[in-house]
Amino acid sequence: MKLASFLVQNRATWGIVDSDSLLDLGAVLAQSHPDLKSWITEANKEIWNDVSASAPRYRLEEITWLPVIPNPEKIFCVGLNYELHRKETGRAVVEHPTIFARFANTQTGHLSNIVRPRVSTDLDFEGELAVIIGKPGRYIAKDQAFDHIAGYACYNDGSVRDWQHHTHQFTPGKNFPGTGSFGPWMVTPDEFVDLGSREIMTRLNGETVQQAKLGDMIFDIPTLVEYCSCFNPLVAGDVIVTGTPGGVGVKRTPPLWMKPGDTVEVEIDGIGVLRNGIVDEADRLS
């Protein structure tokens, strides 16, 4: 099942992606479950089917995609989680995941523009798998981690590299508005199995710039869930963005930056394609 958040008729809502249309479950559950985050802990197919029978249906061209979870309490991002990427950065082997935070107001949705801020031209791509938490928990054991996952989505953890490299802390370069793309939808775990064999790739203007298997992660998904849930409780709607493969623009010669007019795509086998244009901040505000 594919679940999405979207705008229709100037109203934020959520629902089921059904081929070339969307069932607006938010319209029939607005009082009890106004957004996708408030519902995913209760997701089961029998309930979805009962509710969807009375839901309005919209064509995909009638809606505007929002980030899958527009309002997560927490977004944990994982750095240096593919060996090729670790090597290209020159970072040492570590015993624990590298975790930093992204803010919800930095996200954008499928087919919306990623924004290059006016204070930098060093805007980089980072195609990643996002894990959406459905069942809350603290100190979650690895062998129970998948029980806490509501779904998976594509993510482009767009990075403003010069601001990221001002210090050893990643936060500024990862938190400019409109730089983190999340979508188009989340796929429920029953439809996204054999994770290790799934391929992730990033394309810039049609050219493949990153490509790897999800099984190439240094720290796998159960390890990340366990680790993050130890230092802060995970709640429904929290997002773990699991790291990017090698091939990032900053490590190319010359560097390959995303610029206005470009199109960037993140594709994950079994989920879909997340696509965004690139604009300057000045153009977005004009």
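Before reading further, recall that the structure is shown in the block above.
Model, not experiment: these values are computed from the prediction.

Colleague: Describe the pairing of strand β16 (residues 207-213), and please don't skip the residues or the numbers.
Modeller: Inspection of the sheet shows strand β15 (residues 199-204) paired to β16 by 6 bridges, in the antiparallel sense. By the bridge assignment for β16, Leu204 is matched with Glu207. Taken together, β15 and the strand that follows it, β16, pair antiparallel across an intervening segment of 2 residues, in which Asn205 is found at a positive phi of about 55 degrees.

Colleague: I'd like a rundown of the sheet that holds β16, residues and numbers included.
Modeller: Strand order in the open sheet formed by 5 strands is β9-β19-β18-β15-β16, with mixed pairing between adjacent strands. Edge strands, defined here as strands with exactly one partner in the open sheet, are β9 (113-116) and β16. Adjacent strand axes in the sheet meet at a mean angle of 20 degrees when their direction is disregarded. Judged from the 4 bridges that link them, β9 and strand β19 (residues 272-280) form a sheet pairing that is parallel. Note on β19: the bridge partner recorded for Asn113 is Gly277.

Colleague: Give me the pairing of strand β12 (residues 149-157): which residues, what numbers.
Modeller: Across the 9 residues that make up β12, a large majority, 9, are buried. The pairing of strand β11 (residues 127-133) with β12 spans 7 bridges and is antiparallel. Bridge pairing in β12 places Ala130 opposite Ala153. Here β12 pairs with strand β14 (residues 180-187) via 5 bridges, running antiparallel. From the neighbouring strand, Tyr155 faces β14, where its bridge partner is Phe182.

Colleague: So what's going on with helix α5 (residues 221-231)? Residues and values would help.
Modeller: Residues Ile221, Pro222, Thr223, Leu224, Val225, Cys228 and Ser229 constitute the buried set of α5. Taken together, the buried residues of α5 touch β6 (75-79), β7 (98-101), β11, β12 and β17 (239-241).

Colleague: Describe the nonpolar core, listing the residues and the values that go with them.
Modeller: Core analysis: the largest hydrophobic core is formed by 38 residues, its most contacted members being Leu129, Tyr152, Phe192, Ile240 and Ile271. Among the elements that take part in this core, α5 stands out by supplying 4 residues, more than any other. Judged by nonpolar contacts, the second largest core, of 28 residues, contains Ile16, Tyr155, Phe182 and Met186.

Colleague: Got a sec to walk through the packing of aromatic side chains? Specific residues and values, please.
Modeller: The full count for this structure, using the stated rule, is 8 aromatic pairs. Seen in terms of ring centroids, Trp65 and Trp185 are 5.7 Å apart; in terms of plane orientation they differ by 65 degrees. Their pairing is edge-to-face. Highlighted residues: Trp65 in strand β5 (residues 64-65) and Trp185 in strand β14, separated in sequence by 120 residues. Assessed through its relative accessible area of 5%, Trp65 is described here as buried. Between the aromatic rings of Tyr152 and Phe192, the centroid separation amounts to 5.1 Å while the plane-to-plane angle is 45 degrees, which identifies the pairing as tilted. A residue pair is termed long-range when its members are at least 10 positions apart, and Tyr152 in strand β12 and Phe192 in the loop between β14 and β15 qualify at 40 residues. As far as burial versus exposure is concerned, Tyr152 and Phe192 are alike and both buried. The structure contains a cluster of three or more aromatic residues connected by ring pairs, namely Phe76, Tyr227 and Phe231.

Colleague: Talk me through the pattern of salt bridges; I want residue IDs and the actual numbers.
Modeller: All told, the structure shown has 17 salt bridges when counted by the stated rule. Its salt-bridge partner being Arg59, residue Glu61 comes within 3.0 Å of it at the nearest N-O pair. The class for Arg59 is partly exposed, based on a relative accessible area of 46%. Between Glu62 and Arg59 there is a salt bridge; the shortest N-O distance is 3.7 Å.

Procedures and definitions
- Residues numbered from 1 in each chain as written.
- Predicted model: local features only at pLDDT ≥ 70, side-chain atom pairs only at ≥ 80, totals over all residues.
- Heavy atoms only, no water.
- Pairing = 2+ DSSP bridges.
- Helix = DSSP H or I, 4+ residues; strand = E, 2+ residues; numbered from the N terminus.
- Axes fitted to C-alpha atoms, helices over the stretch in contact; angles between N-to-C directions.
- Buried < 20%, exposed > 50% of the residue type's maximum accessible area, 1.4 Å probe, protein only.
- Contact = heavy atoms within 4.5 Å.
- Core = buried A, V, L, I, M, F, W, Y, C linked by side-chain atoms within 4.5 Å.
- Phe/Tyr/Trp six-rings, centres within 6.5 Å; stacked < 30°, edge-to-face > 60°.
- Salt bridge = Lys/Arg side-chain N within 4 Å of Asp/Glu carboxyl O.

Bear in mind that shape data such as this cannot, by itself, settle questions of function.
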